[in-house]
Structure formats: C-alpha cells, structure tokens
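Given next are the chains, with one letter for each unit.
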Amino acid sequence: MTPIEKADKVLTILELVDGNVRHAYKLCSYFCRAAYKNDVKNSFDQSKAAPGYNQVVESLYFELIMTLVRLFDNLQEEKCSKNTASIPELMSLLSEPEVVAELQLRSEQRKTPTGNLEKELKSSDLGFLEKLKVKAKQSACIETFQFKKLFQDFEKLKESHFLSRLRTVRNELFAHTAIERNRNNPARYGDAEKLLEMTAQLVANLNSAIRSLHDDYKGAIKTWQEHANYFWEKIDGVNAVQ
C-alpha cells in the first residue's frame, strides 16, 4: 500500500473506532441506568419479571464488553489483521513516518484557504493569505506532534488490568466456552465503564490529531443517558414518560 492508501485506511479505521466508542456509550447508558439506580432495580426485584430484567441487563453488559474488547483486537494472521478496524491496527499504521507525513499534509490542506476564498485573498490581501498558510502548517505540525504522547497513552491502556479482565471474560465465555477458566482474573461490574472512559479519551485525542475533530463525547453521553432514562422509566411504569 502507498502512504496515501495507508492514510486513507487510518481515517477509515478511526471512523469505525469512533463509531464503536459512541455505541459503547449508548450501551453503557442503558446498562447503568438499569443496574445502578434503585428505582428500576427495586421494582423488578422479587417479581416474576426479575429474570427478564436480569437477562436484559446482562445482555447489555455482554455487548458492552464485546464492543470494547474488539477495539483492542490485535490479530496475528495478516489476512485478518488487514481487515480489522481496531486501535492496535491504527497505531501500527501511525508508526510509519510516511503515513504521518501524509496525514500532516492533509491537515495543512484542510486549514488552508482554497477555491474562491483563496482567489479573493490573492487579489486583495496576499500577505494575510500567506499568514493563514503559515498558521495552517504550524497547526498541522502541532497535531501530529501529539502522536508521541498518544503512543505512550496507548501502551498504558494496553497494560490496563481492566482490559485484561474483560478480554479474559470475552475469550473464555463470550467468544467460546472454556472448560478451564482463569479464576484469578475475574471481571467486575465497573471494569467496562472504566475501560470505556480511558478508551474514549484516547480516541478523542486521536480524532483531534488525525481528523482535526474536537469532541469529548459529552454530547453523546448526555443524549444516551436521557434516552436510557426515558426508556427504563417507561418500562418500569413509575413516573413513566408519555
């Protein structure tokens, strides 16, 4: 693959990873509202609806774990790895200087006036146009300069015990059913939420450095928390939203 093709792949992977983070926040909102708020939980407790409630909550947590852990899949088989949108695959591409150079060039182009605006500035204020070009170049350099720290953050995240626990659960129970299981590394409620927070911070920084997209997911979190609240109140029948 050429550097241009690899840069295209970086953007494709990052868009899919970003989508998975947003999906994880949706799942997390529905799960947390049901599992940690007593109004809904208590209304199902000791009732014939309790098994259904438990199944739904466990299924939400199951999908949350699956969504998070697959973000860190690092497949050894080359054919599979080439077709996997994961953070390790993304970071592998970003380790190549020519790919970083291409991404920096694209960032500079995004920030530089083009088309009619460029023509207008050339004829009316060439000095200002040149200043904008210099500023665009400097801004693009600042973005790609962040990559070094992003690699450090990624290495710390890979070693997280939250990821280790959830990966063990995914591999032994969700991907297949293991006969002998690792009893020394049990996942706990709360692990997925903590891993999501750490992962979202890394992906937000990747979006900033690669796509000049500055979004901390707070808007998405607020939206899905509101939707989850409406949903569970409607299901619960207490203070139901009409």
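The residue numbering used here restarts from 1 in each chain and proceeds along that chain's sequence as written. Only residues with pLDDT of at least 70 are given local features in this predicted model, and only at 80 or more are side-chain atom pairs given and counted; all residues enter the totals for whole chains, interfaces and linings. To get the side-chain values, all heavy atoms of the structure are used, and hydrogens and water are removed first.

1. Section: the packing of helix H1 (residues 3-36) against helix H3 (residues 50-70)
Then comes step 1: Convention adopted: a line fitted to C-alpha atoms gives each axis, helices being fitted over their contacting stretch, and angles between N-to-C directions are expressed from 0 to 180 degrees. By the criteria applied, helices consist of DSSP H or I runs no shorter than four residues and strands consist of E runs no shorter than two, each listed in order from the N terminus. Packing of H1 against H3 brings their axes to within 9 Å, and their N-to-C directions diverge by 155 degrees. Comparing the axis directions of H1 and H3 gives the class roughly antiparallel. As H1 packs across H3, the resulting crossing turns out to be left-handed. Of the residues in H3, those touching H1 at Asn20, His23, Ala24, Leu27, Cys28, Tyr30, Phe31, Ala34 and Ala35 are Tyr53, Val57, Leu60, Tyr61, Glu63, Leu64, Thr67, Leu68 and Arg70. Angle categories: roughly parallel below 35 degrees, roughly antiparallel above 145, roughly perpendicular from 65 to 115, and oblique for all the rest. Throughout, a crossing is termed right-handed when the near helix is turned clockwise from the far one, and left-handed when it is turned anticlockwise from it by less than a right angle. Two residues qualify as a contact provided that any one of their heavy atoms is within 4.5 Å of a heavy atom in the partner residue.

2. Some details on unusual backbone geometry
Then comes step 1: Even without glycine at this site, Gln46 takes up a positive phi of about 60 degrees.
Then comes step 2: In this structure, Gln46 sits in the loop between helix H2 (38-44) and H3.
Then comes step 3: Of note, Tyr217 is a non-glycine position whose phi angle comes to about 75 degrees, a positive value.
Then comes step 4: Structurally, the position occupied by Tyr217 is in the loop between helix H11 (191-211) and helix H12 (218-236).

3. Regarding the confidence of the model for the chain
Then comes step 1: Per-residue confidence from the predictor is given as pLDDT, running between 0 and 100. Of all residues in the chain, 80% have pLDDT values of 70 or greater, and the mean over the chain is 84.
Then comes step 2: Element-level mean pLDDT values for the chain span from 62 in helix H4 (residues 78-82) up to 96 in H1.
Then comes step 3: The low-confidence segment residues 176-182, where pLDDT is below 50, has 9 contacts with residues more than four positions distant or belonging to other chains.

4. Here's the deal with the environment of Pro97
Then comes step 1: Summarising the element assignment, Pro97 is placed in helix H6 (residues 97-111).
Then comes step 2: Here the alpha-carbon distance between Pro97 and Pro3, two residues 94 residues apart in the chain, equals 9.2 Å.

5. Brief notes about the pattern of salt bridges
Then comes step 1: The term salt bridge refers to a side-chain nitrogen of Lys or Arg lying within 4 Å of a carboxyl oxygen of Asp or Glu. Evaluated as defined, the whole model comprises 13 salt bridges.
Then comes step 2: The residue Arg33 makes a salt bridge to Glu233 at a minimum N-O spacing of 4.0 Å. Placement of Arg33 in helix H1 and of Glu233 in helix H12 is noted, with a sequence separation of 200 residues between them.
Then comes step 3: Exposure classes here rest on a 1.4 Å probe applied to the protein chains alone. A residue is buried below 20% of its type maximum, exposed above 50%, and partly exposed in between. Taking relative accessible area as the criterion, Glu233 reaches 16% and is therefore assigned buried.
Then comes step 4: Among the salt bridges present, the one from Asp216 reaches Lys218, with a minimum N-O distance of 3.9 Å.
Then comes step 5: When its relative accessible area of 46% is taken as the criterion, Asp216 is described as partly exposed.
Then comes step 6: Judged by its relative accessible area of 59%, Lys218 is exposed.
Then comes step 7: Three or more residues are tied together by salt bridges with common partners; here these are Glu15, Asp18, Arg22, Arg211 and Asp215.

6. Concerning the nonpolar core
One broad rule of soluble globular proteins: the nonpolar side chains tend to lie buried together.
Then comes step 1: One finds Ile87, Leu94, Leu206 and Ile210 to be the most contacted residues of the largest nonpolar core, which totals 55 residues.
Then comes step 2: The greatest single-element share of this core, amounting to 15 residues, is contributed by H1.
Then comes step 3: Once you skip the residues sitting within four places of it in the chain, Leu94 turns out to touch Val10, Val100, Leu103, Phe147, Phe151, Leu206 and Ile210. Take the buried Ala, Val, Leu, Ile, Met, Phe, Trp, Tyr and Cys residues and link them wherever side-chain atoms come within 4.5 Å; each set so joined is a nonpolar core.

7. Description of the layout of surface pockets
Then comes step 1: The distinction between a cavity and a pocket rests on a 1 Å grid over the protein atoms alone: a 1.4 Å probe fits inside a cavity but cannot get out, while a pocket stays open yet meets protein on both sides within 12 Å along at least five of seven lines, and a residue with an atom within 4 Å of a point counts as lining. Grid points are joined across faces, edges and corners, and a volume is the space filled by probe spheres set on the points. As a volume, the largest pocket reaches approximately 300 Å³.
Then comes step 2: Elements with a contribution of two residues or more to the lining of the largest pocket: H1, H11 and H12.
Then comes step 3: Per-element accounting of the lining of the largest pocket gives the leading share, 6 residues, to H1.

8. Remarks on the packing of aromatic side chains
Then comes step 1: Only centres within 6.5 Å qualify two rings of Phe, Tyr or Trp (six-membered ring in Trp) as a pair; their planes then separate them into stacked at under 30 degrees, edge-to-face at over 60, and tilted for everything else. Throughout the structure, instances matching the rule amount to 8 aromatic pairs.
Then comes step 2: Judged by centre distance (5.5 Å) and plane angle (80 degrees), the ring pair of Phe31 and Tyr36 falls under edge-to-face.

9. Topic: the side chain of Ser86
Then comes step 1: Residue placement: Ser86 occurs in the loop between H4 and helix H5 (87-94).
Then comes step 2: Side-chain polar atoms of Ser86 contact the backbone oxygen of Asp73, separated by 2.7 Å.
Then comes step 3: The residues touching Ser86, leaving out its near neighbours within four places in the chain, are Ile13, Val17, Arg70, Leu71 and Asp73. By the criterion applied in these results, polar contacts are pairs of N or O atoms within 3.5 Å in which, for protein atoms, one can donate a hydrogen and the other can accept it, and in which residues neighboring in sequence qualify only through two side-chain atoms.

10. Regarding H6
Then comes step 1: Spanning 15 residues, H6 covers 21 Å between terminal C-alpha atoms, matching the ideal 21 Å at 1.5 Å per step.
Then comes step 2: When H6 is considered as a whole, its buried residues turn out to be Val99, Val100, Glu102, Leu103, Arg106, Ser107 and Glu108. Expected helix span is computed as 1.5 Å times (number of residues minus one).

11. Notes on the side chain of Thr67
Then comes step 1: Note on placement: Thr67 falls in helix H3.
Then comes step 2: Under the relative-accessibility criterion, Thr67 is labelled buried at 0%.

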